[in-house]
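As a plain string of letters, each chain reads:
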Amino acid sequence: MKVLKNIKYINTTKLINLWKLYLYFYQKKRKVNNDKILPAPCFISIEPTNFCNLKCPACPSGNGELSRERGFMDFSLFKKIIDDQKDTLINIIFHFQGEPLLHKELGRMINYAKENNIYTMFSTNAQLLAEKTDMIKESGPDKIIISLDGITQESYNKYRINGDINKIYSALKNLSGLKDGKRPFIELQFLVFSHNINEIPEVKKLKKKYKIDRITFKSVQIYDNSQINMLPADEKYLRYEVSDGNFRLRSDLRNKCHRIIFGSVITWNGNVVPCCFDKDAEYITGNAGNEKLNDIRNDNKYKTFINSVFSHRDKIEICKNCTEF
């Protein structure tokens, strides 16, 4: 995470904590600090809900393969997390699994985080974004990532099943009309598939049309061999090697990880998991509703997982599809 992207959210206390995180990471990488206290996270991913309004085939939430209970985060739980972490927290990411705009109190959550001097962002399929323009103006998120994986309804709907591309264009138009100071940083994210790679030149033209701040072309994550046909042929947009009907990450996993040191992920019901690749919450290390996150991160469960990542990461199932090399 580029934690210095908005300096106004960083004070002396947060800067000192950030330095401690960097020190912990590099000492851990050198195997010299197994017993030291893990500093508070500078970012957390909060899951407002794991429900989704689309049926994307490679998404566990959308395709129905997510086995854990579904629900919505209670605002009182969210408030407790912020109150516990506000002194050191720089950034909140309002997404994990599911569509955050389905949560009726997302705007209230963003407001509370900003009142406590925390940078806020969320990722959305934007099917509800146009009708939430007033909420965006009132709550003022710092950044919105909008998923658009096709230029036409036909190509878009091949992956974003049940989605309406016109709703995304309406949302982009509304956001482009917001005055400076009210408009979030807008990042358009385009997953590159075999069926839409030819649309990349047209996607780039949307940047000026809708005052988009950044367009990101992202490689596709798949889970089984039946999804290989979704992958583009161009290696520039491919994270896997494909051979004899099987796939594997193109780069070998190194025994290190920034994410589990600098941040943590909290599901809608308060369960704390090490990172965003633990989609089914298989590695629960505690519950932020019952304990403080800093205590959970320094408990034996969390530290044992960290030690495993820094010693034999290639043996951990959720790490095998990770893009942090």
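Residues numbered from 1 in each chain as written. Predicted model: local features only at pLDDT ≥ 70, side-chain atom pairs only at ≥ 80, totals over all residues. Heavy atoms only, no water.

S.K.: I tried to follow the packing of helix α1 (residues 12–29) against helix α11 (residues 300–312) on my own but got confused; where do I start?
M.R.: Helices that pack against each other are described as a pair by the angle of their axes relative to one another and the distance between those axes. For the pair α1 and α11, the least separation of the axes is 10 Å and the interaxial angle reads 55°. The pairing of α1 with α11 is recorded here as oblique in orientation. Of α11, the residues touching α1 (which contributes Tyr 24, Phe 25, Lys 28 and Lys 29) are Lys 303, Ile 306, Asn 307 and Phe 310. Residues belonging to the contact of α1 with α11 are distributed by class as follows: four nonpolar, one polar and three charged. (Axes fitted to C-alpha atoms, helices over the stretch in contact; angles between N-to-C directions. Helix = DSSP H or I, 4+ residues; strand = E, 2+ residues; numbered from the N terminus. Parallel < 35°, antiparallel > 145°, perpendicular 65-115°, else oblique. Contact = heavy atoms within 4.5 Å. Nonpolar A, V, L, I, M, F, W, Y, C, P; charged D, E, K, R; others polar.)

S.K.: I tried to follow the packing of helix α2 (residues 75–85) against helix α3 (residues 106–115) on my own but got confused; where do I start?
M.R.: Put simply, α2 and α3 touch, their axes get as near as 11 Å, and they point 15° apart. It follows that α2 is roughly parallel to α3 by the angle criterion. Judged by the sense of rotation from one axis to the other, the crossing of α2 with α3 is right-handed. Residues Phe 75, Phe 78, Lys 79, Ile 82 and Asp 83 of α2 pack against Arg 108, Met 109, Tyr 112 and Ala 113 of α3. (Left-handed = near helix turned anticlockwise from the far one by under 90°.)

S.K.: I keep staring at empty space enclosed by the protein and nothing clicks. Help me out?
M.R.: In this approach, a probe sized like a water molecule rolls over the atoms, and the result shows the empty space that is left. The final tally for this structure, using the stated rule, is two cavities of 30 Å³ or more. Put simply, the largest cavity is a space of about 60 Å³. Every residue lining the largest cavity is listed: Cys 257, Arg 259, Ile 260, Cys 275, Phe 277, Phe 305, Val 309, Arg 313, Ile 318, Cys 319 and Cys 322. The set of elements that each furnish at least two residues to the lining of the largest cavity consists of α9 (259–262) and α11. Tallied by class, residues from the lining of the largest cavity come to nine nonpolar, no polar and two charged. (1 Å grid on protein atoms, 1.4 Å probe; cavity = no way out; pocket = protein on both sides within 12 Å on 5 of 7 lines; lining within 4 Å. Points joined across faces, edges and corners; volume = space filled by probe spheres on them.)

S.K.: I keep staring at the sheet that holds strand β2 (residues 91–93) and nothing clicks. Help me out?
M.R.: Think of a sheet as strands paired side by side through backbone hydrogen bonds, with each pair either parallel or antiparallel. Across the sheet, which stays open at both edges, the nine strands sit in the order β6-β5-β4-β3-β2-β1-β9-β10-β11 with mixed pairing between neighbours. Looking at which strands have only one partner, the edges of the open sheet turn out to be β6 (214–218) and β11 (286–287). Here β2 pairs with strand β3 (residues 119–124) via three bridges, running parallel. Residue pairing in the sheet places Ile 93 in a bridge with Met 121 of β3. In the packing of α2 onto the sheet, contacts are made with β1 (43–46), β2 and β9 (263–266), and the angle to β1 comes to roughly 175°. Strands in contact with α3 are β2 and β3; relative to β3, the strand with the most contacts, it is inclined by about 155°. (Pairing = 2+ DSSP bridges.)

S.K.: Explanation requested: the packing of aromatic side chains in the structure shown.
M.R.: Counted by the stated rule, this structure contains 15 aromatic pairs. Ring plane angle 40° and centroid distance 4.7 Å describe the contact between Tyr 159 and Phe 193, whose orientation is recorded as tilted. Linking Tyr 159 in the loop between α5 (153–156) and α6 (165–176) with Phe 193 in the loop between β5 (185–191) and α7 (200–204), this pair joins segments that are 34 residues apart in sequence. Members of the aromatic cluster, joined through ring pairs, are Tyr 22, Phe 25, Tyr 26, Phe 262 and Phe 310. A cation over a ring is seen here: Lys 279 above Phe 277, with NZ or CZ 5.4 Å from the ring centre. (Phe/Tyr/Trp six-rings, centres within 6.5 Å; stacked < 30°, edge-to-face > 60°. Lys NZ or Arg CZ within 6 Å of the ring centre and 35° of its normal.)

S.K.: Looking at this structure, I do not really get α1. What am I missing?
M.R.: Structurally, the α-helix is built with 3.6 residues per turn, so residues lying three or four positions apart point the same way. With 18 residues, α1 should cover 26 Å at 1.5 Å per step; its first-to-last C-alpha distance of 26 Å lies within 8% of that length. Every buried residue belonging to α1 is among Lys 14, Asn 17, Leu 18, Leu 21, Tyr 24, Phe 25, Gln 27 and Lys 28, and all of these are buried. Elements that come into contact with the buried residues of α1 comprise α9, α10 (293–297) and α11. Sitting at the head of α1, Asn 11 places a side-chain oxygen 3.2 Å from the backbone nitrogen of Thr 13. Lys 31 occupies a position one or two residues after α1 and carries a positive phi of about 65°. (Expected span 1.5 Å × (residues − 1). Buried < 20%, exposed > 50% of the residue type's maximum accessible area, 1.4 Å probe, protein only. Polar contact = N/O pair within 3.5 Å; in protein donor to acceptor, adjacent residues only side chain to side chain.)

Scope: geometric values only; no functional claims are made or implied.
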